[in-house]
Amino acid sequence: MIRPITLLVALSIPAHADTTISPFTENVLLHVMTHEMGHAVIREFDLPILANEEIAADQFATFYLHQRFPDRVGDIVRARARSWEVEAEDETIFAEHPDDLRRAGYTLCFLYGLDPDRHADLATEFDMTEDDAADCRDTAPEIARAWRRILAPLAMPPGARVTEVRLRAEDGPWKAALGAGETGEIMASLLSSIDWHSQITLQVNRCDGGASWSRNGREITICDGLIDRFQEQALRIGDRD
């Protein structure tokens, strides 16, 4: 597991809240943010792109969360898969993003294959066949080994002082909630575990879009409309509390 580091991050979010982010929403947001972090790692360190970058970023997110939060990653991936199920849209065969159900399947398969004993419940919950499970157990360790070797030289050393990560939020209903809870702190900690070349900013904006990585601005943007969507999904699947 990647060891914790001493964190010094500028959080321009006040610590008082009257809006509560549900556990489901927080879990989905953590996977979404770490997915965008995967794009940042690929682009900032010029990693070879040998297949679909969206799938690679999903795999990065699952692998990295598995490394840092082994006791929680099952809940994170379960929430992300359920969110994809709710939103499921068929994509054209040429779309940059694979369709949502395929992404859910890839992600569940990867996490299960990383630790079949711990995540056997996911295989059962999502009706994974034994043949599928065997394939996941075969492929996941190879993908994880590749990510381990690639990321090892990019990690911040234990105890290092972090100066290259900022977390900012525009005024809006979720600004205080991010500051009052642990969500922003967890996101900043994830970003701060990489030895970036220059400053990386996580920005929560007032907008209706999704999440994205901008190499020119070295910025991960999350629209607060995305948080609204996840909150609504939490109500739909009965996972508000």
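Procedures and definitions
- Residues numbered from 1 in each chain as written.
- Predicted model: local features only at pLDDT ≥ 70, side-chain atom pairs only at ≥ 80, totals over all residues.
- Heavy atoms only, no water.
- 1 Å grid on protein atoms, 1.4 Å probe; cavity = no way out; pocket = protein on both sides within 12 Å on 5 of 7 lines; lining within 4 Å.
- Points joined across faces, edges and corners; volume = space filled by probe spheres on them.
- Helix = DSSP H or I, 4+ residues; strand = E, 2+ residues; numbered from the N terminus.
- Nonpolar A, V, L, I, M, F, W, Y, C, P; charged D, E, K, R; others polar.
- Expected span 1.5 Å × (residues − 1).
- Buried < 20%, exposed > 50% of the residue type's maximum accessible area, 1.4 Å probe, protein only.
- Contact = heavy atoms within 4.5 Å.
- Axes fitted to C-alpha atoms, helices over the stretch in contact; angles between N-to-C directions.
- Parallel < 35°, antiparallel > 145°, perpendicular 65-115°, else oblique.
- Left-handed = near helix turned anticlockwise from the far one by under 90°.
- Phe/Tyr/Trp six-rings, centres within 6.5 Å; stacked < 30°, edge-to-face > 60°.
- Pairing = 2+ DSSP bridges.
- Lys, Arg positive; Asp, Glu negative; His and termini not counted.
- Salt bridge = Lys/Arg side-chain N within 4 Å of Asp/Glu carboxyl O.
- Polar contact = N/O pair within 3.5 Å; in protein donor to acceptor, adjacent residues only side chain to side chain.

On to the layout of surface pockets. To find leftover empty space, one rolls a probe the size of a water molecule over the atoms. As a volume, the largest pocket reaches approximately 410 Å³. Secondary-structure elements contributing two or more residues to the lining of the largest pocket are α1 (23-44), α2 (53-68), α3 (73-87), α4 (100-114) and α9 (224-236). Looking at the lining of the largest pocket element by element, the count peaks at four residues for α1. Grouping the amino acids of the lining of the largest pocket by side-chain chemistry returns five nonpolar, four polar and ten charged.

In this section: helix α6 (residues 130-151). For α6, built from 22 residues, the straight-helix expectation of 32 Å at 1.5 Å per residue is met to within 8% by its first-to-last C-alpha distance of 31 Å. All of the buried residues in α6 are Ala133, Cys136, Ala140, Ala144, Trp147 and Leu151. Looking at the packing, one finds that the buried side of α6 touches α1, α2 and α4.

Mapping proline 23 onto the fold places it in helix α1. Here proline 23 falls in the partly exposed class, since its relative accessible area comes to 41%. Distance in space between the C-alpha atoms of proline 23 and threonine 183 is 9.8 Å, their sequence separation being 160 residues.

So, about the packing of α4 against α6. It is the contact of α4 with α6, at a shortest axis distance of 7 Å, that shows an interaxial angle of 80 degrees. The angle between the axes of α4 and α6 places the two elements in the roughly perpendicular class. Facing α4, whose interface residues are Cys109, Phe110, Tyr112, Gly113 and Leu114, α6 presents Ala133, Cys136, Arg137, Ala140, Pro141, Ile143 and Ala144. Looking at the contact of α4 with α6 residue by residue, the classes come out as ten nonpolar, one polar and one charged.

Helices that pack against each other are described as a pair by the angle of their axes relative to one another and the distance between those axes. The N-to-C vectors of α3 and α4 enclose an angle of 165 degrees; their axes lie 8 Å apart at closest approach. Comparing the axis directions of α3 and α4 gives the class roughly antiparallel. Of the two possible hands of crossing, α3 and α4 adopt the one that is left-handed. Residue-level inspection shows Val73, Gly74, Val77, Ala81, Trp84, Glu85 and Glu87 of α3 in contact with α4, the latter providing Asp100, Leu101, Arg103, Ala104, Thr107, Leu108 and Leu111.

What follows covers the packing of aromatic side chains. Under the defined criterion, the tally for this structure stands at three aromatic pairs. Plain terms: the ring middles of phenylalanine 60 and tyrosine 64 are 5.0 Å apart, the flat faces sit at 15 degrees to each other, and that makes the pair stacked. You can see phenylalanine 60 and its partner tyrosine 64 sitting in helix α2, four residues apart, about one turn around the helix. A residue is classified by how much of its surface remains accessible, and phenylalanine 60, at 0% relative accessible area, is buried. Taking the relative accessible area as the measure of exposure, tyrosine 64 reaches 1% and is therefore buried. Seen from their ring centres, phenylalanine 60 and tryptophan 147 are 5.4 Å apart, and the 65 degrees between their planes marks the pair as edge-to-face.

The next point concerns the pairing of strand β4 (residues 211-214). Relative to strand β5 (residues 219-223), β4 runs antiparallel, the two being bridged by four bridges. Residue tryptophan 213 lies in a different strand from β5, and its bridge partner there is isoleucine 220. Where β4 folds back onto β5 in an antiparallel hairpin, the turn is made up of four residues, including arginine 218, whose phi is positive at roughly 45 degrees.

Glancing now at the environment of threonine 163. The topology assignment puts threonine 163 in the loop between α6 and β2 (165-169). In this structure the C-alpha to C-alpha distance between threonine 163 and aspartate 195, which are 32 residues apart in sequence, comes to 9.8 Å.

As a further point, take the side chain of arginine 68. Take arginine 68: it is sitting in helix α2. Put simply, arginine 68 is tucked away with no salt bridge, and the nearest opposite charge, on glutamate 185, sits 10 Å away. At 3.5 Å, the side chain of arginine 68 forms a polar contact with the side chain of serine 189.

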